[in-house]
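Listed below are the residues making up each chain.
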Amino acid sequence: MVAAAASLLVCGPALAEKRVALVLGNSAYQNVAPLANPVNDSARIAATLKEAGFDVVDSRRDLSAIDTRRALRDFADRSRDADIAVVYYAGHGIEVDGGNYLIPVDAKLERDTDVYDEALSLDRILVAMEPAKKLRLVILDACRDNPFSRTMKRTVASRAIGQGLAKVEPTSPNVLIAYSAKAGSTAADGDGKNSPFTAALSQHLTKPGLDVRRAFGFVRDEVLKTTGNKQEPFVYGSLGGDDVPLVPAPARPAAAAPATPAFSAQAEARRDYELALQIGNKSALNAFLAQYPDGFYASLAKLQLDKIAAEETRVVATEKARLAEQERARLASEGAKKGQQAKADAEAKAAEQARIAAEKAKLLAQEQAAAAEQKRLAAEKVAADKAATDKAASDKAVTVAALDAGPPQADVTKSVQTELRRVGCLTGSTDGNWNAASQRSLTQFNRYAGTRLDTKLASTDALDTIKLKSARVCPLVCEHGYEANGERCTKITCAAGSFLNDDNECEKRREKKPVARRDRPETRPAPEATQGPRARVVIRTPRATTGVPNGPGVSAQGRPLTGQERAVGCHSYGAIMSGVCP
C-alpha cells in the first residue's frame, strides 16, 4: 500500500497535466487554387493528438478570417489552466516585412497592406496560447509556394514579400515554433494523402516520454530523407534543461530495471547539440550547456557562443564608429573649436580601430567554429563507420547517423537573395542563381553595412549577417521622374515654366526671343501683304476730279467765289458735286 501510494505521488503530477490543442486546416481557398492536403493533414494530426490523450482537441477546417479569430478566442479560454498548449496549422502562409501571417480561405490580398486586415499574424496565435504554463507549441505546415505573393500589388517599393516564412525569435520562455521548412524556403505538399512533414509528425511527436525537441529532430531527419535533402524542417525558440514530452512516459514498477536507452549518451548529446545549433541563438546553446556542461559537444557549443558574441561585439563597434564619425563631421561643418574637433577626431579614430578589431575577432571566431565543425564531421563519420561494423556483433552498439551535408547550395543562395531584397540591396529575382547582379548586390551591402562578406559565393555566414539588419541598408533607387522620400518613390512635379531634365532636376524653360532680320529687296513683300485685312486702307477717287475745289475761296473753275457763293458753302466739295454751286 505504501509503495502504491508513493507511486501515485510520483506519477500524479505528470498524469494530471492538462493538454489542449487547436488544429486548423485550410484547403478550399476562394480566390486562388485550392490545396489538396491541408484538410487531410489537420485531420491526421487531430486524430494523433486525441489518441495521445489530449484533454481538448478542437479541429477546424476551411475557416474565414472572422471564424479564425473566434477559434483563437475560444482556444485562449481553454488555455488558461492548461500546462501544454499546441496549435497546428496547415494551409497558406506569407511573410511580409519580416512578419509571418496565416491566410484564411476568404482572403484576397490584392495589396501587400491587406495582410494586416485579412490575415492572422503569428503573434496573434502566441497571444491566444500565452496562459499555458509548461509548453506553448506552434506547428506551421504553411511554407508552401504562395500564389498570393505573385499577384499582390506593393504599395511601398521597399516592402519585402518573402518566400516561405521568416525566421522568428520568441520573446517568451517555454515557446517552440516549428516550421515545415526553414525560413525563406518552401515545403512540398506531398504526392500522397499527407505532406512529408505531417506524416513524420504523426510518427514521432506523441511518442510517450520523448522530449519534444528530440521528436522534432527525428522529424527533421525523416523529412530530409523523404525529400532528398530538399526540405529541412526548423524549430525556433528554447526550453529549459528538463525533458518536455507531449505524452508522459508510462509509469514503471519501482523494482523494474531501467530500460536500455535507444541511444548512447554521446548520441543523445549529438542530437541535442544539433537541435541547439539549428535554433542558433544564445538561449538554446546555454540550455544545451546546462544539460551537457562538459565533453566534446559542450566545447563545440562554447565556440558557437563565442561566434555569436563576436558578431554582437562587431555590430556594436560598427554602430559606435558610425556615430563617432557623424559627430566628427558635424563639429567640422559647424566650425567648432579646434579642441572639440581634435577630441572628436580621436574618438572617431579609436572607434574605427575598435570596429576593425571586432571584425577580426569575429572572423577568428568563425574560423575556429568552422574548424571545430569539420573535426566533428570527421569524428562522427568514424563513429558511424564503427557502429555499422559492430552492429551485427552487439545489440547495444550505438548507431550515429552521419551528419547531413547541410542544405543545398541553391536554397542558401535563394535565402541570401531574399534577405538582400528585404534590405533594399537586390532588385532582381530570387532564382537561386548567384550571378553578377547578386554579387553586386552583396557588394552594395558590404559598402553600406560596413561588412566584408565574400561576394563570390552565397554563404550561411552572409545569410546570418544580413538577417541581423532589421531595416533597409542600401539606399532607395527610383526611376527617372521620381525621387526617394523615406521608404517611397514619389513623383517629381515641376513648377509652371519649368521642365524635368535628364539629371532628374527641375530646370526653368528659356523663352524664345524674336530675332531681327533684314530682308533682301527682291524678297521684300508688298506693303499690302504685310498688313492685315483690317489694317488695309482703300482710297476711293471721285468720278469727276476736275471740279474739286483747291481751297476754301476758290470755285471748281479756279476763280474766286462771290460772297453769295461763300455763304451757301460753295467752297465745300459736297456742295460743288451736288450741282448747286458752279
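Not measured: the values here are computed from a predicted model.

So, on to the overall build of the chain. A count of helical and extended segments in the chain gives 18 helices and 14 strands. Across the 582 residues in the chain, those meeting the buried criterion constitute 41%. Counting only contacts in the chain whose residues sit at least 6 apart along the sequence, the fraction spanning at least 24 positions is 65%.

Taking burial as the measure, the 7 residues of strand β7 (residues 135–141) include 7 buried ones, the bulk of the element. Of the two faces of β7, the one lined by Leu-135, Leu-137, Ile-139 and Asp-141 and the one lined by Arg-136, Val-138 and Leu-140 are each fully buried. Pairing of strand β3 (residues 84–90) with β7 involves 7 bridges; the strand directions are parallel. Bridge pairing in β7 links Ala-90 to Asp-141. Across 5 bridges, the pairing between β7 and strand β9 (residues 175–179) is parallel. Each residue of the ladder has a partner; that of Val-138, found in β9, is Ile-177.

Another point: empty space enclosed by the protein. In this approach, a probe sized like a water molecule rolls over the atoms, and the result shows the empty space that is left. What the rule picks out here adds up to 3 cavities of 30 Å³ or more. In this structure, the largest cavity spans a volume of roughly 60 Å³. As for the largest cavity, its lining consists of Leu-24, Asn-26, Leu-63, Thr-68, Tyr-89, Leu-102, Ile-103, Pro-104 and Leu-120. Across the lining of the largest cavity, the residue classes tally to 7 nonpolar, 2 polar and no charged.

This paragraph deals with the pairing of strand β2 (residues 56–61). The sheet contact formed by strand β1 (residues 19–25) and β2 spans 6 bridges and is parallel. If you follow Leu-22 over to β2, its bridge partner there is Asp-58. The handedness of the β1 to β2 crossover, carried by helix α2 (residues 38–51), is right-handed.

Scanning all chains against the criterion turns up 7 aromatic pairs. A ring pair is formed by Tyr-273 and Tyr-297, whose centres lie 5.7 Å apart and whose planes are at 45°; its orientation type is tilted. Placement of Tyr-273 in helix α9 (residues 265–279) and of Tyr-297 in helix α11 (residues 296–334) is noted, with a sequence separation of 24 residues between them. Using a relative accessible area of 0% as the deciding quantity, one classes Tyr-273 as buried. Relative accessible area serves as the criterion here: at 4%, Tyr-297 is assigned to the buried category. Geometry around Phe-218 places Lys-207 over its ring, the cationic atom sitting 5.8 Å from the centre.

Right, let's talk about unusual backbone geometry for a bit. In this structure, Asp-62 takes a positive phi of about 50° despite not being glycine. A residue is classified by how much of its surface remains accessible, and Asp-62, at 29% relative accessible area, is partly exposed. Not every positive phi belongs to a glycine, and Asp-97 is a case in point at roughly 55°. Mapped onto the secondary structure, Asp-97 falls in the loop between β4 (93–96) and β5 (99–102). The class of Asp-97 is partly exposed, set by a relative accessible area of 43%.

Tyr-29, Val-115, Leu-140 and Tyr-179 are the most contacted members of the largest nonpolar core, which has 47 residues in total. Those residues within four positions of Leu-140 in sequence are excluded, and the remaining contacts are Tyr-89, Leu-102, Leu-122, Leu-165, Ala-178, Tyr-179, Ser-180 and Phe-197.

Pairing is mixed in the open sheet, where 6 strands are placed in the order β2-β1-β3-β7-β9-β10. The sheet is open, and its two borders are formed by β2 and β10 (234–238), each paired with just one other strand. Strand-to-strand twist in this sheet, taken as the mean axis angle between neighbours without regard to direction, amounts to 10°. The strands touched by helix α3 (residues 65–78) within the sheet are β1, β2 and β3, with β1 carrying the most contacts at an inclination of about 170°.

The next point concerns the pattern of salt bridges. A complete count under the given rule lists 27 salt bridges for this structure. Between Arg-111 and Asp-114 there is a salt bridge; the shortest N-O distance is 3.2 Å. For Arg-111, a relative accessible area of 38% translates into the label partly exposed. Its salt-bridge partner being Glu-419, residue Arg-422 comes within 2.8 Å of it at the nearest N-O pair. In this pair, Arg-422 and Glu-419 are both assigned in helix α13 (residues 409–422), 3 residues apart and thus about one turn of the helix distant.

As a further point, take helix α15 (residues 460–467). Three or more residues of α15 are buried, namely Ala-462, Leu-463, Thr-465 and Ile-466. Buried residues in α15, looked at end-on, bunch into an arc of 165°, giving them a common side. Packed against the buried residues of α15 are α11, α12 (338–390), α13 and α14 (436–449).

So, on to the state of the cysteines. Scanning all chains against the criterion turns up 2 disulfides. At a sulfur-sulfur separation of 1.9 Å, the disulfide partner of Cys-425 is Cys-474. The S-S bond linking Cys-425 to Cys-474 shows a torsion near 90°; that makes this disulfide right-handed. Separated by 49 residues along the polypeptide, Cys-425 in the loop between α13 and α14 and Cys-474 in the loop between α15 and β11 (482–485) bring together distant segments of the chain. Here Cys-425 falls in the buried class, since its relative accessible area comes to 10%. A sulfur-sulfur separation of 2.1 Å characterises the disulfide bridge that pairs Cys-494 with Cys-506.

Okay, the side chain of Thr-318 next. Relative to the helices and strands, Thr-318 resides in helix α11. The exposure class assigned to Thr-318 is buried, which follows from its relative accessible area of 14%. Dropping the residues within four chain positions of it, Thr-318 is found in contact with Arg-355 and Ala-449.

Rules behind the numbers
Residues numbered from 1 in each chain as written. Predicted model: local features only at pLDDT ≥ 70, side-chain atom pairs only at ≥ 80, totals over all residues. Heavy atoms only, no water. Helix = DSSP H or I, 4+ residues; strand = E, 2+ residues; numbered from the N terminus. Buried < 20%, exposed > 50% of the residue type's maximum accessible area, 1.4 Å probe, protein only. Contact = heavy atoms within 4.5 Å. Pairing = 2+ DSSP bridges. 1 Å grid on protein atoms, 1.4 Å probe; cavity = no way out; pocket = protein on both sides within 12 Å on 5 of 7 lines; lining within 4 Å. Points joined across faces, edges and corners; volume = space filled by probe spheres on them. Nonpolar A, V, L, I, M, F, W, Y, C, P; charged D, E, K, R; others polar. Right-handed = clockwise from strand over helix to strand, strands pointing away. Phe/Tyr/Trp six-rings, centres within 6.5 Å; stacked < 30°, edge-to-face > 60°. Lys NZ or Arg CZ within 6 Å of the ring centre and 35° of its normal. Core = buried A, V, L, I, M, F, W, Y, C linked by side-chain atoms within 4.5 Å. Axes fitted to C-alpha atoms, helices over the stretch in contact; angles between N-to-C directions. Salt bridge = Lys/Arg side-chain N within 4 Å of Asp/Glu carboxyl O. Arc of directions from axis to C-beta. Disulfide = S-S within 2.5 Å.

The values reported here are purely geometric and, on their own, carry no functional implication.
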